[in-house]
Amino acid sequence: MRPSARSRSSKRKAEVHQEETAERAAAASEQLRWLTALRVRLALDIVGAGFKSVAMKHHPDKGGSSETMAILLQVRTDLNEIIEEFYE
């Protein structure tokens, strides 16, 4: 039995809808990846700016201690790792 023109048309509409849905999902996924990458860059920028500000106060050349500076460097590393892991 041969399918009617109406059933072929309905089948084609369903295929087109499925393709459009897949394209929208792919576009949304790409946008989410882009936004996540932006959030990571901004979070790392904030950590970097904060580090720079605090390092200016606690650097040994500015009267701070080497121990405090070592801790500050480790805190920056820890925060960067937390940001990277959070957004994976």
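Refer to the structure printed above.
Residues numbered from 1 in each chain as written. Predicted model: local features only at pLDDT ≥ 70, side-chain atom pairs only at ≥ 80, totals over all residues. Heavy atoms only, no water.

So what exactly am I meant to see when it comes to the overall build of the protein here?
Regarding its fold elements, the protein presents 2 helices and 0 strands. Here the protein has a C-alpha radius of gyration of 27 Å; the compact-globule value for 88 residues is 12 Å, and the former is much larger. Each of the three principal axes of the protein carries a C-alpha extent, and together these read 90 × 15 × 10 Å. Total accessible area computed for the protein in this model is approximately 7400 Å², and 59% of it derives from carbon and sulfur atoms. Across the protein, the centroid of the 14 positively charged side chains sits 15 Å from that of the 13 negatively charged ones. (Helix = DSSP H or I, 4+ residues; strand = E, 2+ residues; numbered from the N terminus. Rg over C-alpha atoms; globule rule 2.2 N^0.38 Å. Areas by Shrake-Rupley, 256 points an atom, 1.4 Å probe, with all protein chains shown as cover. Lys, Arg positive; Asp, Glu negative; His and termini not counted. Charge placed at Lys NZ, Arg CZ, Asp CG, Glu CD.)

In this structure, what is going on with helix α2 (residues 66-86)? I would like to understand it.
The α-helix winds at 3.6 residues per turn, so residues separated by three or four positions along the chain end up facing the same way. Helix length check: α2 (21 residues) gives 30 Å between terminal C-alpha atoms against 30 Å at 1.5 Å per residue, within 8%. Taken together, the buried positions of α2 are M69, L72 and I83. When α2 is viewed along its axis, its buried side chains cluster within an angular range of 55° and face the same direction. For α2, the exposed residues set more than 90 degrees away from the buried face come down to E67, I71, I82 and E85. (Expected span 1.5 Å × (residues − 1). Buried < 20%, exposed > 50% of the residue type's maximum accessible area, 1.4 Å probe, protein only. Arc of directions from axis to C-beta.)

I keep staring at the pattern of salt bridges and nothing clicks. Help me out?
Where charged atoms from two side chains of opposite charge approach closely, those side chains can pair. Overall, the coordinates contain 3 salt bridges when judged by the stated rule. Via salt bridges that share partners, R12, E15 and E19 belong to a single interconnected network. (Salt bridge = Lys/Arg side-chain N within 4 Å of Asp/Glu carboxyl O.)

Interpretation note: all reported values are geometric properties and have no functional meaning in isolation.
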